[in-house]
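Observations on the three-dimensional arrangement
Single-letter residue listing:
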Amino acid sequence: MNIAAVSEAFMLSTKAGVEPEKVFDAIKGGLAGSTVMNAKIPMILDGNFAPGFKIDLHIKDLRNAINTGNAQEAYLPLTAQVMEMLQTLHADGLGDSDHSAIVRFYEKVTGTEIRR
């Protein structure tokens, strides 16, 4: 969810005409920053989706979380939304890509690439 939120924020800034590197520099040190953002935004900006933690493994983990949530009657709408995004990426042949490639979902639906 963190990578999806970061991807969404950087898509918005890109669509608004703000350079992603400037957004990254502005927010990485504050409460909006995170270890995930610091690790993944440089990869995204370089278009580097070499596998670290693969999308297909992320799907497996989310499937386990969703199954546990269903068994416990816990409502997990954000997890379900991220699962749909990851499954779309898998269907697009990106299952072996790093999970930072979730940004590719946003790029696909908006027709806008987030790069340096």
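The structure this text deals with has already been given above.
Residues numbered from 1 in each chain as written. Predicted model: local features only at pLDDT ≥ 70, side-chain atom pairs only at ≥ 80, totals over all residues. Heavy atoms only, no water.

Moving on, we come to the overall build of the chain. The helix and strand tally for the chain stands at 6 helices and 0 strands. Whereas a compact globule of 116 residues would reach a radius of gyration of roughly 13 Å, the chain reaches 14 Å, a difference of no more than 12%. Judged by the C-alpha coordinates and their principal axes, the chain covers about 45 × 30 × 25 Å. Counting only residues that meet the buried cut, the chain has 39% of its 116 residues in that class. In the chain, the proportion of contacts linking residues at least 24 apart, taken out of those at least 6 apart, comes to 67%. Approximately 6,600 Å² of the chain is accessible, and the part contributed by carbon and sulfur atoms is 55%. With 11 positive and 14 negative side-chain charges, the chain shows a spacing of 3 Å between the two charge centroids. (Helix = DSSP H or I, 4+ residues; strand = E, 2+ residues; numbered from the N terminus. Rg over C-alpha atoms; globule rule 2.2 N^0.38 Å. Buried < 20%, exposed > 50% of the residue type's maximum accessible area, 1.4 Å probe, protein only. Contact = heavy atoms within 4.5 Å. Areas by Shrake-Rupley, 256 points an atom, 1.4 Å probe, with all protein chains shown as cover. Lys, Arg positive; Asp, Glu negative; His and termini not counted. Charge placed at Lys NZ, Arg CZ, Asp CG, Glu CD.)

Close contact between helix α1 (residues 2–15) and helix α2 (residues 20–27) brings their axes to 9 Å; oriented N to C, the two are set at 130 degrees. Classed by the angle they form, the pair α1 and α2 counts as oblique. Where α1 crosses over α2, the handedness of that crossing is right-handed. Across from F10, S13 and T14 in α1, the residues of α2 making contact are P20, V23, F24 and I27. Class assignment for the residues of the contact of α1 with α2 results in 5 nonpolar, 2 polar and no charged. (Axes fitted to C-alpha atoms, helices over the stretch in contact; angles between N-to-C directions. Parallel < 35°, antiparallel > 145°, perpendicular 65-115°, else oblique. Left-handed = near helix turned anticlockwise from the far one by under 90°. Nonpolar A, V, L, I, M, F, W, Y, C, P; charged D, E, K, R; others polar.)

Let us now look at the pattern of salt bridges. Applying the stated criterion across every chain yields a total of 10 salt bridges. Taking the shortest distance from any N to any O, the salt bridge between E107 and R104 comes out at 3.6 Å. With E107 and R104 both in helix α6 (residues 103–110) and 3 residues apart, this pair spans about one turn of that helix. Here E113 ties to R115 by a salt bridge, and the two come within 4.0 Å at their closest N and O atoms. Take E113: its relative accessible area is 54%, and that puts it in the exposed class. (Salt bridge = Lys/Arg side-chain N within 4 Å of Asp/Glu carboxyl O.)

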